[in-house]
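This is what each chain is made of:
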Amino acid sequence: MTKLILSFFLSILSKIHLIRKEESMEVSNGLWQRQTKRHIELIEFMQQCGIKEDSKNLKILDVGCGKGLLINRLKRNGFNRVYGCDWIDSEESSFEYKKINLNEMDSLKAYVDESFDVIIASDVIEHLENPAAILREFQRIVKTDGHIFITIPNCANIKERLLFLMTGNSNRYRPQKNEYGHINYLPSKVFNELVARANLQIVKWGGGYNFLSGYFLNIKHPLLSYNLTYYLQPIK
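What you are looking at is a predicted structure, and each value in this text was computed from that prediction instead of being measured.

It is a probe the size of a water molecule, rolled over the atoms, that shows where empty space is left. Inspection of the entire model under this criterion finds 1 cavity of 30 Å³ or more. Forming the walls of the largest cavity are Arg38, Glu41, Thr151, Gly208, Tyr209, Asn227 and Thr229. The set of elements that each furnish at least two residues to the lining of the largest cavity consists of helix H3 (34-48) and strand E12 (227-234). Looking at the lining of the largest cavity residue by residue, the class counts come to 1 nonpolar, 4 polar and 2 charged.

Next up, the structure:
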């Protein structure tokens, strides 16, 4: 048993690739944006799943797009038909934007059935009162051969497990001062069930970076990852 545990941690350590945040990330107003790393990894994950730059005619919807940081990065990577929606006011003019209430049961009613090739929700559904409803909306508006990419905070990495053991609560899943806190705790079995109930299937999933004392740890093992990324498709 000891050898198995030691072998596991040695395999993890062999994959650590330290990157200083100042050397690798873009900054905004002099501040490093952790969000940037997540966006970069998400686009890499999409490419691994077959969404390439030469797929520039794909119609993409970024749900919960905020100010459009991910949309602008997608455009720089060759994707031209990218749309966004969120529940905030936006003055962004570089893409078509709709203000919607993501907590409504039919929140994406502004979009017709099977209208997008790709749907992205990057760290969005954990903020919503009814993640099951938004997953059903994704299933409705994505094409039958379309692609859905979702990232969520990892509630089951080693740090989160220890915190839950000691406090009974999560550090990643908690309310914030505004109404946009992480209010839906999504361990894998719960998330998998919500996906299945929406008539979707998980094609691929994986971990992402972690962050420690000014460094990124590019381990991408679910037990150590800060976030998880999922690739879903409709069940035909």
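Sheet architecture is open: 7 strands sit in the order E6-E5-E4-E7-E8-E12-E9, paired in mixed fashion. Only two strands of the sheet have a single partner each, and these edge strands are strand E6 (96-99) and strand E9 (200-207). Adjacent strand axes in the sheet meet at a mean angle of 20°, parallel and antiparallel pairs treated alike. Pairing analysis gives 6 bridges linking strand E7 (residues 116-122) to strand E8 (residues 142-153), with the strands arranged parallel. When the sheet's bridge partners are listed, Ile120 is paired in E8 with Phe149.

To continue, consider the nonpolar core. Most often, soluble globular proteins have nonpolar side chains that are buried together. Formed by 35 residues in total, the largest nonpolar core has its most connected members in Leu102, Leu108, Leu135, Phe138, Ile150 and Ile152. Sort the elements by how many residues they give to this core and helix H5 (residues 131-141) lands first, with 5 residues. When sequence neighbours within four positions are dropped, the list of residues in contact with Leu135 reads Ile150, Leu194, Val195, Ala198, Leu200 and Leu232.

As a further point, take the environment of Leu228. For Leu228, the position within the fold is in strand E12. When the C-alpha positions of Leu228 and Gly206 are compared, they lie 5.8 Å apart, and in sequence the two are 22 residues distant.

Reading the values: the criteria
Residues numbered from 1 in each chain as written. Predicted model: local features only at pLDDT ≥ 70, side-chain atom pairs only at ≥ 80, totals over all residues. Heavy atoms only, no water. 1 Å grid on protein atoms, 1.4 Å probe; cavity = no way out; pocket = protein on both sides within 12 Å on 5 of 7 lines; lining within 4 Å. Points joined across faces, edges and corners; volume = space filled by probe spheres on them. Helix = DSSP H or I, 4+ residues; strand = E, 2+ residues; numbered from the N terminus. Nonpolar A, V, L, I, M, F, W, Y, C, P; charged D, E, K, R; others polar. Pairing = 2+ DSSP bridges. Axes fitted to C-alpha atoms, helices over the stretch in contact; angles between N-to-C directions. Core = buried A, V, L, I, M, F, W, Y, C linked by side-chain atoms within 4.5 Å. Buried < 20%, exposed > 50% of the residue type's maximum accessible area, 1.4 Å probe, protein only. Contact = heavy atoms within 4.5 Å.

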